[in-house]
Amino acid sequence: MLSIARQLAPFDIPLIGVNQGRLGFLTDIALSDMEPALSAMLDGEYVEETRTLLDTKLMRGNGQCERSLALNDVVVNRGALGGMIDCAVTIDEHFVYAMRADGLIVATPTGSTAYSLSAGGPIVVPSVDAIVVAAICPHTLAVRPLVVPSNAAVTVEPIPPSTEDVLVSFDGQVGTTMGAGERLVVKRAAQPVLLVRLGPEGFFARMRKKLQWGDLSDRERK
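Per chain, residue numbering runs from 1 following the sequence as it is written. Under the rules for a predicted model, residues below a pLDDT of 70 receive no local features and side-chain atom pairs below 80 are neither given nor counted, while totals for whole chains, interfaces and linings still include all residues. Processing note: side-chain calculations cover all non-hydrogen atoms of the structure and skip hydrogens and water entirely.

*Asks:* Before we move on, could you go through the packing of aromatic side chains and cite the residues and values that matter?
*Replies:* Given two aromatic rings, one states the distance between the centres and the angle between the planes to describe the pair. For Phe, Tyr and Trp, rings pair up if their centres lie within 6.5 Å, where Trp contributes its six-membered ring, and each pair is then called stacked (planes under 30 degrees apart), edge-to-face (over 60) or tilted (otherwise). Scanning the entire structure with this criterion turns up 1 aromatic pair. Ring geometry for Phe203 versus Phe204: centroids 5.4 Å apart, planes at 70°, classification edge-to-face. Exposure categories follow from relative accessible area, calculated using a 1.4 Å probe and restricted to protein chains: below 20% of the type maximum is buried, above 50% is exposed, and the middle band is partly exposed. Judged by its relative accessible area of 43%, Phe204 is partly exposed.

*Asks:* Provide a residue-level description of the layout of surface pockets, including the pertinent values.
*Replies:* Its boundaries defined by the atoms lining it, the largest pocket holds a volume of some 310 Å³. Along the walls of the largest pocket sit Met1, Leu2, Leu23, Gly24, Phe25, Leu26, Thr27, Asn72, Thr110, Thr113, Ala114 and Leu211, which together make up its complete lining. Three categories are distinguished: nonpolar for Ala, Val, Leu, Ile, Met, Phe, Trp, Tyr, Cys and Pro, charged for Asp, Glu, Lys and Arg, and polar for the others, with Gly belonging to the last. By residue class, the composition of the lining of the largest pocket is 7 nonpolar, 5 polar and no charged. The definitions used throughout rest on a 1 Å grid laid over the protein atoms alone, on which a cavity is an enclosed set of points accommodating a 1.4 Å probe that cannot get out and a pocket is an open set flanked by protein within 12 Å on both sides along at least five of seven lines; lining residues are those having an atom within 4 Å of a point. Grid points are joined across faces, edges and corners, and a volume is the space filled by probe spheres set on the points.

*Asks:* Can you lay out unusual backbone geometry for me, pointing to particular residues and giving the numbers?
*Replies:* For residues besides glycine, phi is generally negative; the peptide bonds are generally trans as well. In this model, Pro160 is joined to Pro161 through a cis peptide bond whose omega is 5°. Runs of E in the DSSP output that reach at least two residues are strands. Runs of H or I that reach at least four are helices, and both are numbered from the N terminus. Summarising the element assignment, Pro161 is placed in the loop between strand S12 (154–158) and strand S13 (166–170). The phi angle at Asp165 is positive, at roughly 60°, despite the residue not being glycine. Position of Asp165 among the secondary structure elements: in the loop between S12 and S13. We classify Asp165 as partly exposed; its relative accessible area is 43%.

*Asks:* Run through the nonpolar core, naming residues and quoting values.
*Replies:* Counting 28 residues, the largest nonpolar core has Val76, Leu104, Val154 and Leu184 as the members making the most contacts within it. Among the elements that line this core, the one with the most residues is strand S7 (residues 85–91), at 4 residues. Take the buried residues of types Ala, Val, Leu, Ile, Met, Phe, Trp, Tyr and Cys, join any two whose side-chain atoms come within 4.5 Å, and each joined set is a nonpolar core. Grouped together as the second largest cluster of nonpolar side chains are 10 residues, Ala5, Ala9, Leu15 and Leu26 included.

*Asks:* Help me get a handle on the pattern of salt bridges, residues and values and all.
*Replies:* We define a salt bridge as a side-chain nitrogen of Lys or Arg found within 4 Å of a carboxyl oxygen belonging to Asp or Glu. Inspection of every chain in the model, using the stated rule, returns 9 salt bridges. What emerges from the salt-bridge pattern is a single network uniting Glu49, Arg51, Arg197 and Arg206.

*Asks:* Now, about helix H4 (residues 203–211): what can you tell me, with residues and values included?
*Replies:* Residues Phe203, Arg206, Met207 and Lys210 constitute the buried set of H4. Taken around the axis of H4, the buried residues stretch over an arc of 105°, which confines them to a single face. Exposed residues pointing more than 90 degrees away from the buried face of H4 are listed as Arg208 and Lys209. Along its buried surface, H4 packs onto strand S1 (18–19), strand S3 (46–51) and strand S16 (193–198). Gln212 occupies a position one or two residues after H4 and carries a positive phi of about 55°. Each C-beta atom gives one direction from the helix axis, and the arc is the one those directions make. What makes two residues a contact is simply this: any of their non-hydrogen atoms within 4.5 Å.

*Asks:* Can you tell me about the pairing of strand S14 (residues 174–178), naming the residues and giving the values?
*Replies:* Should DSSP find at least two bridges between two strands, the strands are taken to pair. When S13 meets S14, the two strands line up antiparallel, connected through 5 bridges. Of the residues in S14, the one forming a bridge with Val168 is Thr176. Following S13, the chain reverses through 3 residues before pairing antiparallel with S14; Asp171 in that reversal takes a positive phi of roughly 60°.

*Asks:* So what's going on with empty space enclosed by the protein? Residues and values would help.
*Replies:* What the rule picks out here adds up to 2 cavities of 30 Å³ or more. The class makeup of the residues in the lining of the largest cavity is 8 nonpolar, no polar and 1 charged. Roughly 30 Å³ of internal volume is contained in the second largest cavity. Within the lining of the second largest cavity, the residues separate by chemical class into 5 nonpolar, 1 polar and 2 charged.

*Asks:* Quick rundown of the sheet that holds S7? Include the residues and the values.
*Replies:* Read from one edge of the open sheet, 6 strands run S5-S4-S15-S12-S7-S8, paired in antiparallel fashion. Strand pairing shows two members of the sheet lacking a second neighbour, strand S5 (65–70) and strand S8 (94–101), which therefore form its edges. Direction aside, the axes of adjacent strands within the sheet are offset by 20° on average. Pairing geometry for strand S4 (residues 54–59) and S5, over 6 bridges, is antiparallel. Residue pairing for S5: Met59 is matched across the bridge by Cys65. Fitting a line to C-alpha atoms yields each axis, with helices limited to the stretch in contact; the angle taken between N-to-C directions then spans 0 to 180 degrees.

No statement about biological role is implied by the geometric values presented.
Rendered as structure tokens:
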């Protein structure tokens, strides 16, 4: 779903998610229910949702610019070797902090329930026009997740000596490396992703169903 969303977003093609895996937070139609669900959609029983897409520019030291898209998140970390990384983070050209952590996540509201959530980031309702900036295991209590306007430009630049083996990944599916003197700029893409869902089930119902959000059933007495 993430891969095809990145590919088709520029063409304004609506996407219908069929779950062939486990959680299926974006793909909420079970494979066994696919035919009746599609039939109901053709009869007009569906709702449309627009989702923010991230547009990234990796500014290379030689002046070249590499662009990529992400529906969930963009992650900067130390790559295969692990360990902490030092990064300078700026938002709209305003210096925010020099961070030492296992990595940094820049996420959409859609991605706020993915890797960012596991890293202690906030849950953001998909209709909220915002971007999440969350450090992964920061080596200080002073670095907390941020929610910034979606029209903000988030820039990440590795700080020496943590400029080797720096990996940038997009939706956890594709990635590249960056080095000294290079910087990553993340913005909201001009074209959103259009999702089509069956029935009236909303975001909070999916949270309860998929993530057991607010589930206190284990505390109930018989």
